[in-house]
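# Tertiary structure, described
Spelled out from the first residue to the last, the chains are:
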Amino acid sequence: MKHKRTMTAVAAAMAGALALTGCTGQGGAGGGDTDDSTLTIWHYENEDSAMGKAWAKAIEIFEEENPDVTVDVEKQTFEQIQKNAKIVLTGDDVPDVMEFNKGNATAGQLAAQGLLAPLTDAATERGWDEKLSGSLATTATYDEQGLMGSGEWYGVPNYGEFVGVYYNKEMLADLGLEVPTTLDEFEDVLAAFKKEGITPLAEAGAEYPLGQLWYELVLAYGDRALVDDYQLFANDVDFHNEAMTKATEKLDEWIDKGYIASDSAALTAEDMGVSFIDGTYPLMVSGSWWFGRLAAETEADWGQFNFPGNTLHTGSSGNLWVVPANADSPSLAEEFIDITLRPEVQNVLATEGGLPVAGDPSVIEDERTRELTENFQAILDEDGLAYYPDWPVAGYYDVLVSELQSLVNRSKTPDEVLDGLQSSYDEGKADLLDG
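Residues numbered from 1 in each chain as written. Predicted model: local features only at pLDDT ≥ 70, side-chain atom pairs only at ≥ 80, totals over all residues. Heavy atoms only, no water.

The next point concerns the pairing of strand 3 (residues 70-75). For strand 3, the buried fraction is high: five of the six residues fall into the buried class. Across six bridges, strand 2 (residues 38-43) lies against strand 3 in parallel orientation. When the sheet's bridge partners are listed, histidine 43 is paired in strand 3 with lysine 75. For the handedness criterion, the β-α-β arrangement of strand 2, helix 2 (residues 50-65) and strand 3 is classed as right-handed. (Buried < 20%, exposed > 50% of the residue type's maximum accessible area, 1.4 Å probe, protein only. Helix = DSSP H or I, 4+ residues; strand = E, 2+ residues; numbered from the N terminus. Pairing = 2+ DSSP bridges. Right-handed = clockwise from strand over helix to strand, strands pointing away.)

So, in structure tokens, the structure goes:
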């Protein structure tokens, strides 16, 4: 068995694709001969990460079950694949299976352009549609316009991510505070810290965190129908609806009461994380991607809980395994994807803090890792993934950052912020649907 690993092949593949001036190939899922002697895998996970270790296990299993197949693992970077995928995948020198980012502007765009092979038949035959259902499967399917949530399967996720609340156990214990289970109790905790002269929430207005906090509040007052309207364009959205109005006014109230630092509009996510790690703030609302960093660097005792009272939470599946339309070995690619969903691979994700979509938390020995995984599983059990606030339209990330910075800076009222969010959303949605 040959198992070959190269560091990067994007540049070479780009050159080949450009030389072909955009011609599509005839092999694999694209409609021609297949080559089941080699499986070429592209991914961008570090070898010591949870995903990297899980993919290594999947490759090991694949090699054991396919001794006559050469496995060629080509390590890319996220940026390489993100920027060059369209150029690369128009040629013949493409991987058989690759990791790619989920969402309308990424996997959806490639699917709409015919650059990815549909996996619907495989999803049915192999039971992926049963293992991955509801909100977890939303990022796996795309319609003819490349909009997620319906149509053919074009990718398969096998891990997840979500936003919750990290807390400094020592700081809560010093004030005799318990972990809150409702929004009202959460506000009581915020007020208790502020009363002691401590700003409770680590925040960052210059990047994604503040927008995710706003969205958690929207989800506190909203329901799945609002998520479907906002994210999937099921119906038009009035940003002055009850949920968005209450959420924006609540965030404004928290800023006014000093629960969020007045200088947070200029702070980055890194600033936020470091300030929580060093004990400046007792609470941080952010994603599961911080878990490993906190585990490695935080000296104080800490834990994590889901946003209190919510049944819907910011988060989604992780990135997708996709099969290029011109892949030479699509059947081998499907077999490899299937292996990544097996218990032995999912449990590697679980023990390493990778939030498996089909893992067993009971195999996890580390208490914090098990807590994080159980919290994610609780969200899945309620079909509670509600995606990210900047997902619906192109360029919306910058709009969210700017509008919410204005709230922190006290230069806009909640109504004015909602007006700004509405205007950019409507324009982006029109462009997307018209395009």
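Read on, since the account is not over.
On to the packing of helix 9 (residues 209-221) against helix 17 (residues 396-408), then. Describing two packed helices takes the angle between their axes plus the distance from one axis to the other. Two elements in contact, helix 9 and helix 17, have axes whose closest approach is 9 Å; the angle formed by their N-to-C orientations is 80°. Looking at the two axes, helix 9 sits roughly perpendicular to helix 17. In this structure, helix 9 uses Leu210, Gly211 and Trp214 to contact helix 17, whose residues at the interface are Leu400, Leu404 and Val408. Grouping the constituent residues of the contact of helix 9 with helix 17 by class yields five nonpolar, one polar and no charged. (Axes fitted to C-alpha atoms, helices over the stretch in contact; angles between N-to-C directions. Parallel < 35°, antiparallel > 145°, perpendicular 65-115°, else oblique. Contact = heavy atoms within 4.5 Å. Nonpolar A, V, L, I, M, F, W, Y, C, P; charged D, E, K, R; others polar.)

Moving on, we come to the side chain of glutamate 403. By the secondary structure assignment, glutamate 403 is in helix 17. You can call glutamate 403 buried: its relative accessible area is 9%. Within the structure, glutamate 403 has its side chain in polar contact with the side chain of lysine 412 (distance 3.0 Å). (Polar contact = N/O pair within 3.5 Å; in protein donor to acceptor, adjacent residues only side chain to side chain.)

Moving on: a negative patch on the surface. The grouping of Asp35, Asp36, Asp92, Asp93 and Asp328 at the surface amounts to a negative patch. Using a relative accessible area of 33% as the deciding quantity, one classes aspartate 328 as partly exposed. (Patch = residues over 30% accessible without salt bridge, like charges linked within 9 Å, V, L, I, M, F, W, Y side chains within 5 Å. Areas by Shrake-Rupley, 256 points an atom, 1.4 Å probe, with all protein chains shown as cover. Salt bridge = Lys/Arg side-chain N within 4 Å of Asp/Glu carboxyl O. Lys, Arg positive; Asp, Glu negative; His and termini not counted. Charge placed at Lys NZ, Arg CZ, Asp CG, Glu CD.)

What follows is about the packing of aromatic side chains. With the rule as written, the count across this model stands at 19 aromatic pairs. Pairing tyrosine 215 with tyrosine 230 gives two aromatic rings, centres 5.9 Å apart and planes at 40°, and the pair type is tilted. On the criterion of sequence distance, the pair formed by tyrosine 215 in helix 9 and tyrosine 230 in helix 10 (residues 224-232) is long-range, its members being 15 residues apart. Both residues of the pair, tyrosine 215 and tyrosine 230, count as buried. (Phe/Tyr/Trp six-rings, centres within 6.5 Å; stacked < 30°, edge-to-face > 60°.)

Moving on, we get to the pattern of salt bridges. With the rule as written, the count across this model stands at 16 salt bridges. Two residues, glutamate 65 and arginine 342, come together in a salt bridge whose shortest N-O distance is 2.7 Å. Placement of the pair is glutamate 65 in helix 2 and arginine 342 in the loop between helix 14 (330-340) and helix 15 (343-351), with a sequence separation of 277 residues. For glutamate 65, a relative accessible area of 39% translates into the label partly exposed. Residue classification places arginine 342 among the partly exposed residues on the basis of a relative accessible area of 22%. Of the charged contacts in the structure, one is a salt bridge between lysine 102 and glutamate 161, with a shortest N-O distance of 3.1 Å. Placement of the pair is lysine 102 in the loop between strand 4 (97-100) and helix 4 (104-112) and glutamate 161 in strand 8 (residues 160-168), with a sequence separation of 59 residues. Look at lysine 102 and you get buried, because its relative accessible area is 7%.

As a further point, take the nonpolar core. Phe186, Trp214, Leu251 and Trp254 are the most contacted members of the largest nonpolar core, which has 73 residues in total. Counting residues per element, this core draws most heavily on helix 9, at seven residues. Beyond its immediate chain neighbours, meaning those up to four positions away, phenylalanine 186 contacts Val165, Pro180, Leu201, Trp254, Leu283, Val285, Phe305, Phe307 and Pro308. Leu136, Met272, Trp321 and Leu355 belong to the second-largest nonpolar core, a separate cluster that totals 60 residues. (Core = buried A, V, L, I, M, F, W, Y, C linked by side-chain atoms within 4.5 Å.)

Now for helix 3 (residues 78-89). Taking 1.5 Å of rise per residue, the 12 residues of helix 3 would be expected to cover 16 Å, and the 16 Å separating its terminal C-alpha atoms lies within 8% of that figure. Those residues of helix 3 that sit buried are Ile81, Asn84, Ala85, Val88 and Leu89. Projection of helix 3 onto a plane perpendicular to its axis shows the buried side chains occupying an angular sector of 160°, all on one side. (Expected span 1.5 Å × (residues − 1). Arc of directions from axis to C-beta.)

What follows deals with the pairing of strand 10 (residues 283-287). In terms of burial, strand 10 is largely enclosed, as five of its five residues are buried. One ladder, built from five bridges, connects strand 8 with strand 10; its direction is antiparallel. When the sheet's bridge partners are listed, valine 163 is paired in strand 10 with glycine 287. Pairing geometry for strand 9 (residues 201-202) and strand 10, over two bridges, is parallel. Across the sheet, the residue bridging to alanine 202 is methionine 284, located in strand 10.

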